[in-house]
Amino acid sequence: MLLAAFAVLFGLVLLVWSADKFVDGAAAFAKNMGMPSLLIGMVIVGFGTSVPEMIVSAFSALQGNPGIALGNAYGSNITNIALILGITALLNPIIVDSQILRKELPILAVISIFAGFQAWDNQITRFEAILLLIVFAGIMGWTIFEGLRKRNDELGEEMEAELAAVKMSNPKAIMLIVIGIVLLMISSKVLVWGAVEIAHHFGVGDLVVGLTVVALGTSLPELASSVAAARKGEDEIALGNVLGSNLFNTLAVVGIAGTIHPMSFGPEVFGRDIPVMTLLTFSLFLAGFGLVRKGTIDRIGGLIFLVCWILYTAILLYGALS
């Protein structure tokens, strides 16, 4: 048990560090190769901060623990909005000016409904998982098109300033990418093993472990980057991190895991987890479009998000341990 706890702690620390190095290397390399800053913010950073979820869920599926894979994806989405944006908005209210992000918000809301439609029969088949990957490919194609077409956007300007502060040669960037990927794979395997051992020790289901410990751990890169962005007044980057990550989680993470190993799960996913994820997404949609207050997630909204995460996590743990 002690070894498993150490494995989870060590895996999380290494996961966060390696994800950070991977994102730094990938963003610098893309910038050196002439990729527009807006596109780097929309694709490279979104992909990079979701790599932990992808690899952890893939390993979980390969080892026959689909509960951790699914819980990691949906739990990360809930954590990203309720915990990360909650903390970020408490530090500095988030103003949504980017037209690109305003287009991503309704897409994310529709995708959340689509996820619920897939989960109504308590399973995600390989066909449904492949369908998620096809939708993901389509959205990525649209994202690249928008990123190339609209270079003058608030998100692009903030990302340009962020990238300008860091100069990195291609050899160093490639080295960070390789090191990041290798350590991500090692840390993910260690983390999944430790999480499964702890779940078995306490008699807690894989799904709850995925929704709590693993989801929180794999969301730490988003937390670090969003808080750092908020402290610099880079609202678009803070929100873009979460939107990009949630799109990757719902489509690519679940799609990859389900393609590797079709997933069956209990009715609580459709009855509890997906409704919470969808309601939080729609709350973000309303805030982003100014139907609550001028396209702003203020400190009160951040506090509400944070309280929602605490209550949700408490309900999960109480149900699992009682």
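Since the structure is predicted, the reported quantities are computational estimates derived from the model, not experimental observations.

A. Spatial organisation of the overall build of the chain. A tally of regular secondary structure across the chain gives 12 helices and four strands. Counting the 322 residues in the chain, one finds 55% classified as buried. Summarising the internal contacts of the chain: among those between residues at least 6 apart in sequence, 89% fall at separations of at least 24. For the chain, the computed accessible surface area is about 13300 Å², with 72% contributed by carbon and sulfur atoms.

B. The arrangement of unusual backbone geometry in detail. You will see that Asn122, though not glycine, has its phi angle at about 65°, which is positive. With respect to the helices and strands, Asn122 occurs in the loop between helix H4 (99-119) and strand S2 (123-124). On the basis of relative accessible area, Asn122 is assigned to the partly exposed category, the value being 24%.

C. Looking closely at the pattern of salt bridges. Under the definition given, this model contains one salt bridge. In this structure, Asp273 engages Arg272 in a salt bridge whose closest nitrogen and oxygen atoms are separated by 2.6 Å. Looking at Arg272, the relative accessible area reads 25%, which means it is partly exposed.

D. The arrangement of the packing of helix H3 (residues 66-91) against helix H12 (residues 299-321) in detail. Two elements in contact, H3 and H12, have axes separated by 7 Å at closest approach and are oriented at 145°. The interaxial crossing formed by H3 with H12 has left-handed handedness. Across the interface between the two elements, Ile78, Thr79, Ile81, Ala82, Leu83, Gly86, Ile87, Ala89, Leu90 and Leu91 from H3 touch Arg299, Gly302, Leu303, Phe305, Leu306, Trp309 and Tyr312 from H12. Within the contact of H3 with H12, the residues separate by chemical class into 13 nonpolar, three polar and one charged.

About the cut-offs
- Residues numbered from 1 in each chain as written.
- Predicted model: local features only at pLDDT ≥ 70, side-chain atom pairs only at ≥ 80, totals over all residues.
- Heavy atoms only, no water.
- Helix = DSSP H or I, 4+ residues; strand = E, 2+ residues; numbered from the N terminus.
- Buried < 20%, exposed > 50% of the residue type's maximum accessible area, 1.4 Å probe, protein only.
- Contact = heavy atoms within 4.5 Å.
- Areas by Shrake-Rupley, 256 points an atom, 1.4 Å probe, with all protein chains shown as cover.
- Salt bridge = Lys/Arg side-chain N within 4 Å of Asp/Glu carboxyl O.
- Axes fitted to C-alpha atoms, helices over the stretch in contact; angles between N-to-C directions.
- Left-handed = near helix turned anticlockwise from the far one by under 90°.
- Nonpolar A, V, L, I, M, F, W, Y, C, P; charged D, E, K, R; others polar.

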